[in-house]
Structures are given as C-alpha cells and as structure tokens.
Amino acid sequence: MLTFMASDSEEEVCDERTSLMSAESPTPRSCQEGRQGPEDGENTAQWRSQENEEDGEEDPDRYVCSGVPGRPPGLEEELTLKYGAKHVIMLFVPVTLCMIVVVATIKSVRFYTEKNGQLIYTPFTEDTPSVGQRLLNSVLNTLIMISVIVVMTIFLVVLYKYRCYKARSHSVAQAGLKLLDSSDLPPWPPKVLGLHFIHGWLIMSSLMLLFLFTYIYLGEVLKTYNVAMDYPTLLLTVWNFGAVGMVCIHWKGPLVLQQAYLIMISALMALVFIKYLPEWSAWVILGAISVYDLVAVLCPKGPLRMLVETAQERNEPIFPALIYSSAMVWTVGMAKLDPSSQGALQLPYDPEMEEDSYDSFGEPSYPEVFEPPLTGYPGEELEEEEERGVKLGLGDFIFYSVLVGKAAATGSGDWNTTLACFVAILIGLCLTLLLLAVFKKALPALPISITFGLIFYFSTDNLVRPFMDTLASHQLYI
Amino acid sequence: MTAAVFFGCAFIAFGPALALYVFTIATEPLRIIFLIAGAFFWLVSLLISSLVWFMARVIIDNKDGPTQKYLLIFGAFVSVYIQEMFRFAYYKLLKKASEGLKSINPVSGLGFGIMSGVFSFVNTLSDSLGPGTVGIHGDSPQFFLYSAFMTLVIILLHVFWGIVFFDGCEKKKWGILLIVLLTHLLVSAQTFISSYYGINLASAFIILVLMGTWAFLAAGGSCRSLKLCLLCQDKNFLLYNQRSR
C-alpha cells in the first residue's frame, strides 16, 4: 500500500479547491442604464478586473459593456447571455475531458477497479457481515476523512492569514506591491516559513502526481494492452512529461498545455480515489464533502470564505497550480504576447471563481505581466470581453470525476448510469454558474452537481436500468 | 461481431445527429447548453416513468408472464406521455430563457433525441464489440442493424417532433401537440405489435418522412427554398453563412 503522506496535502488541498467563486463585482455604471440587473437569471456576471478598485473608471465601461454605450438593451442582454454561455462551455469542455479520461481508464484498465487496500484515512473495512455494520463503518470513514480535511484546511488558512498581518499600503499597484512585499520580508521569521511551507507542500504534491502516479498509470495501461516498453524509454517519457508539467503548472507555459496538465493530474487523483476508497464510503464522502464545501464557502466563518476574502483584500492572484483557468489568450494587437498570455490568467481574474488564493509570492514576472495589458487597453476595447476566463478549482474536477468514475466502475457494466451522471453533473455546473452570475460572489461548485449526480446515479441504477433492460429485451422503443 | 459492426452501427445510429450537432450547434455555446438541458429533461422524464413502472410492478406483485408484458406496455405509454409533457416544460423554459426561439429549434428535439437514442442503443453497441454470434437461438441476425436504424429513426423523429411541437406551442394550436403525442405513441406501439423488423422499420420511416416534411414546412421552408438551397442559389443562405464567418 502506498503511503499517502504527500497526497495528504493533495487531498485537503483538493478541498481547498472545491468551490467556484466570483468576486464582489458591482455592476458598472454605464451598463446599468441599459438593463435592470439580472432578470431571468441567465445574465452573466460582470467579470471585473483587478484594477477596478484602483482605476475604477476605465474597466467597467470597457470590459463589460464592450465599449459602446449606445446599444439597445435587448442586444446587450443577448450579448451577455452569449458571453455567459461561452464561459459555461469553457468549463464544460475540461470537465468533460477529465471525465472521459477517467471513464475510459476505468472501463479498460482493470487495476483501478481492483480492491488493493485502503487509504489510511479510511481505516474501517467494508467487508463486514451485516449491512448495518457496513453502513456504520462507511460513516466512520467519512467522518475521519472529513475531519482530516477540515483540520488541514483550517491549518492552511491560518498559515495564509498569518502572513497577512504584515501591514502594507494597498493603494499601490499590484506589481509594485509584490516587489515590496517579497523584498520586505526578512529571511527567517515564522511567516516566511509558513509561506514556504505552503509552497513546498504544493510542489511536493504536484511532483508526486506528475511522476509517481503517472508512472503507475502508464505501467498499468501498458500492462492492459500488453505493450512492452523498456526502462530507458519509460524514464525519458516520464521525466519529460513530469518536468514539463512542473514548469507549466508552477511557472509559465502555454495556456493550453497548462490546462491539459491540470486536467491530467485531476484525472490521476480521481483515479486514485476511485481505487482506494471503498464503495459505500466513497458515496458518503461525496455527499459529506459537498455539504462541507457549502458550509466552508458560504458561512461567514467558513475557512474557504476567509481564504477568499483575505486574498481579495490583498488583491492577490490565485496560485495557478490549484485552479483551472480557462482564460483565453490576449488577441492580436498586443505588443508582448508571451507574458501577457500568462497575464490573461491573473490579470482579469479578480478572483471570479477561485477558492484557494494561495499567494504566489516572489514571482519575478509580475511587473511585466501587469504592464503590457495596461498599455494595450485603448486599442483593445472590443476584444476585452474575450479575455475573461473562468476558473474552477481542481478539487471540483476531481470529485466530479470520482462520481462519474464510480458510476462507471460499479454500474454493472452499464453505460446508461455513467451517462446520466455525466449529464446531471454538467447541468449542476451550469446551474452553479448561473447562480454565480446572479450572486457574484464565491460559490461552492460541488453541492448542486454532486447532489444531482448522486440522485441520478442511485435512481438510474435502481429504477431506470431495469426498465431500459426490460424494454430492450422486448425490443420496445419509447 | 467486430469493430466493423461497432463503428458501422454507431455511425448509422448517431451519424446524422452528430452532423446536426457539428453544423448547427457546436458553434454556438448557448445552443450547447440548451442541448444539454434538453437531454437533462428527457432524462428526468425517463426517471419519472421508470418510477411509475417500478411502483406499478411492485403493486401488482412481481409475477412473470403476460402481466409483465402488459405492465411494460403500460410503462412505455406512460413514458411517452411524460416525455411529451417534459417537452412542453422544456418549451416553457426555452421561451423564458431566449427570445429567438425559432433559431434554436433543431436543438430542442436534438437534445431529447440524442439522449433517447443513446440510452436505447449504447449498451447494445458496447456488446457488439465483444465476442458472440447474433441470432444463434433463432432470432434475426440483423439485430444490430435493425437497432441502429431504429435508433436513427427515433433520433430524427425527436428532432422533427421538437420543431413541430414548438411551432404548435408558438401558434397555440394544441391540436398539433396532440398529433405529436399520437405519432409518438404510434411509433412506440408498432415496435411491439409487430415483431417483423421490416414492417417496423418501413412504417417508422414513413412516419419519419411525413414528420420531416411537416417540420420543414413548419420551419418556414417551401419547395422553392428547397430548390434554391439544393442548387446553391439561395442568396440569403449564402450571405448568412458568410456573415456568420
């Protein structure tokens, strides 16, 4: 059995990631004339840039209203509806890809459906003689897992907030702020240790995912298809894959590559969960974690909410290793395309959807990242709308994929259950994004989707499957 | 049963739907969302009808024999009825969400159709990948082909029903809704009345063609526009395509 010390960080960090948020973004003034706020809830959020607090005048008008004040309100609404729909699709695609990878692996590679022990977080076994005992064990497993997660989250929030007690003036631009901050810190106070701890933890966990789990995954896939690969090739492949992944995720890289790596590590983590969580515990944990997510993000004293608010106060971007960002690349006309493609990640974010705003301190690229977009503004009015991305935490990817993967693994070879869960999760995500557009604040992405997913899993498995099977055996079409 | 059967049947059943998706829906994010919403509505309707069937089975006390068959037929009819009810609910939702209803017509039926086709055919498809001999016990060896074509018919019928249904709702002609329900029941009924594949398929295709013509006319087409389109002389269409690029 593998020791999951480092993945411990991964797991609770996973739950740091399990929410979907948008910043407080007041509707810009010039757009207010044209509409009366969210009418039927399908209007999108006004994605706001970080600069709004500082340079309040330029962004609202340009970004959201596409710079033309004279448009009729109906057209505005149509545009924002389409705009919002585009953001929804930008999240549908990666979630779908992650689920496809997980389901394809589950259906073909036997390894991930074999029972080979359990995690240390779920010590109670489910091989018990009675149903009641099994239920009790799964509930106990869930309690242990969730309490581990809660403890880790609170620990991390404390570490993060503790760093915040270093006072600084907030009216400076963020770039200057960053430089000031990192140079101000003397070498070894506990605050820096705290920061390094978070940073080191994240690096360790991505290292483990990108190298160890990939190696295991590759080994199992090769075994399944009976393909031989010699060790030098394997070493080269895994090394390249992992190294490029580390660079893309933690530093800079093409956006598409970063997204692909994030999807892959989410899929790998989901596969680990599917393999090592016992049956009933997995379902109870899924339910419990959505409740936890709801509580942690929405309650005033919830750890995730405090994290988000702290990050918003400090106007810091999220640590990119834990968030999937679908921001599109800046369009033509930008002088420096490369740093600004990374800038598109952080710049217009004002965390629209974030949950863990781990500070990525000491990044030397920040000054250049913030400059070019600013100079590019005057010429890029109509393009600004395209720049907003949406961000979804990796934990959400992981738990969605766990649900669909479990449905594929235990649905008795039935594809209907898997598909039903897939559609349910997508609709849940759509509804969550809708709520996000209405409420414009941090929202948990798990509850609605997981609830729908669970309902559809159990009902499809127990009600729809016999019905469809009977219909099919009699060659009846409905 | 080989990969050839798998791919052949998959493309027969889902090819036109995929083409419709690629050409009309994939470019517009809003339509994709409506498609998934349509699939979701169909799924919910199926869930409710399975619940009804399950409860009926539990009440009538699990016996084998003709009772089960009648129960199944009852379940199928209830399912058709609930599907149409949910189509109406879906119409209401779309009406509320979007002003340009006509422009998203193919989406409405396609969501239903794809989900319906997938649910009825995907398990059969995955079985066709594995080893086996079809019809070894005296059943027809054309089972996969028949299922594929039937699925195709159902998907396309859902698309046409969607268009006609929405048109009827827009014009408040409730008779049209009734006709859609009746044709749906007819298609479903004749799959179990007759066990001859040929007759089933033939009648289903006839209904398909009729519904297709009706949908075409309801969507505003005419012989003239069809001719223009086929001969690539339709200036509006060409201009529209160019504009949207």
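About the cut-offs
- Residues numbered from 1 in each chain as written.
- Chains lettered and ligands numbered in written order.
- Predicted model: local features only at pLDDT ≥ 70, side-chain atom pairs only at ≥ 80, totals over all residues.
- Heavy atoms only, no water.
- Helix = DSSP H or I, 4+ residues; strand = E, 2+ residues; numbered from the N terminus.
- Rg over C-alpha atoms; globule rule 2.2 N^0.38 Å.
- Buried < 20%, exposed > 50% of the residue type's maximum accessible area, 1.4 Å probe, protein only.
- Contact = heavy atoms within 4.5 Å.
- Areas by Shrake-Rupley, 256 points an atom, 1.4 Å probe, with all protein chains shown as cover.
- pLDDT = per-residue confidence, 0-100.
- Salt bridge = Lys/Arg side-chain N within 4 Å of Asp/Glu carboxyl O.
- Buried area = accessible area lost by both parts, 1.4 Å probe.
- Polar contact = N/O pair within 3.5 Å; in protein donor to acceptor, adjacent residues only side chain to side chain.
- Axes fitted to C-alpha atoms, helices over the stretch in contact; angles between N-to-C directions.
- Parallel < 35°, antiparallel > 145°, perpendicular 65-115°, else oblique.
- Left-handed = near helix turned anticlockwise from the far one by under 90°.
- Nonpolar A, V, L, I, M, F, W, Y, C, P; charged D, E, K, R; others polar.
- Phe/Tyr/Trp six-rings, centres within 6.5 Å; stacked < 30°, edge-to-face > 60°.

**Q** Please clarify how the overall build of chain B should be interpreted in this entry.
**A** The secondary structure content of chain B amounts to 9 helices and 0 strands. Secondary structure elements of chain B, listed N to C terminal, follow the sequence α-α-α-α-α-α-α-α-α. Computed over its C-alpha atoms, the radius of gyration of chain B comes to 19 Å, within 12% of the 18 Å expected for a compact globule of 245 residues. Considered along the principal axes of its C-alpha atoms, chain B spans approximately 60 × 40 × 30 Å.

**Q** Sorry if this is basic, but what is going on with the overall build of chain A here?
**A** For chain A, the helix and strand inventory stands at 17 helices and 2 strands. Taking all 478 residues of chain A together, 57% fall into the buried category. Excluding contacts between residues fewer than 6 apart, the proportion of contacts in chain A whose partners are at least 24 apart in sequence is 84%. Total accessible area on chain A stands at roughly 18,400 Å², and carbon and sulfur atoms take up 68% of it.

**Q** Which parts of the structure should I look at to understand the confidence of the model for chain A?
**A** Detailed reading of the predicted coordinates is not advisable wherever pLDDT is low. Residues and elements named next belong to chain A. Counting all residues, the mean pLDDT for chain A is 72, and 64% of those residues have values of 70 or more. Mean pLDDT values over the elements of chain A span from 33, in helix 13 (residues 366-376), up to 94, in helix 8 (residues 231-250). Note on residues 165-175: pLDDT under 50 across the span, and 22 contacts to partners over four residues away in sequence or across chains.

**Q** Where do I start with the pattern of salt bridges in this structure?
**A** Note on pairing: side chains with opposite charge can pair once their charged atoms come close. This model, assessed by the stated rule, comprises 7 salt bridges over all chains. One salt bridge connects A:Glu309 with A:Arg305, and the closest N-O pair in it is separated by 3.1 Å. In this pair, A:Glu309 and A:Arg305 are both assigned in helix 11 (residues 303-314), 4 residues apart and thus about one turn of the helix distant. We classify A:Glu309 as partly exposed; its relative accessible area is 33%. A salt bridge links B:Lys171 to B:Asp167; its shortest N-O distance comes to 3.2 Å. We classify B:Lys171 as partly exposed; its relative accessible area is 46%.

**Q** Teacher, can you tell me more about the interface of chain A and chain B here?
**A** Interfaces are frequently sized by the accessible area removed from exposure as the parts join. Taken residue by residue, the interface counts 37 residues in chain A and 46 residues in chain B. Ranking the residues of chain A by area buried against chain B places A:Phe467, A:Tyr477 and A:Ile478 at the top, with a combined share of 23%. At the boundary of chain A and chain B, one finds 0 salt bridges. Linking chain A with chain B are 3 residue pairs in polar contact (both at pLDDT 80 or more).

**Q** For this particular structure, what's the right way to read the packing of helix 16 (residues 415-439) of chain A against helix 2 (residues 29-59) of chain B?
**A** Working note: a packed helix pair is described by the angle between its axes plus the distance between those axes. Viewed as axis vectors pointing N to C, helix 16 of chain A and helix 2 of chain B meet at an angle of 125°, and their least axial separation amounts to 10 Å. In terms of their interaxial angle, helix 16 of chain A and helix 2 of chain B are classed as oblique. Read as a crossing pair, helix 16 of chain A and helix 2 of chain B show a hand that is left-handed. Contacts between helix 16 of chain A and helix 2 of chain B involve A:Ala420, A:Val423, A:Leu426, A:Ile427 and A:Cys430 from the former and B:Ile33, B:Ile36, B:Ala37, B:Ala39, B:Phe40 and B:Leu43 from the latter. Among the residues making up the contact of helix 16 of chain A with helix 2 of chain B, the classes are represented as 11 nonpolar, no polar and no charged.

**Q** Explanation requested: the packing of aromatic side chains in the structure shown.
**A** Geometry of an aromatic ring pair is reported as the spacing of the ring centres plus the angle between the planes. Residue and element names in this part refer to chain A. Going through the model one piece at a time under the given rule, you end up with 30 aromatic pairs over all chains. For the ring pair Phe273 and Phe399, a centre distance of 5.8 Å and an interplane angle of 20° mean the geometry is stacked. Residue Phe273 is found in helix 9 (residues 255-276), and its partner Phe399 is found in helix 15 (residues 394-410); the two are separated by 126 residues along the sequence. Given the relative accessible area of 2%, Phe273 is considered buried.

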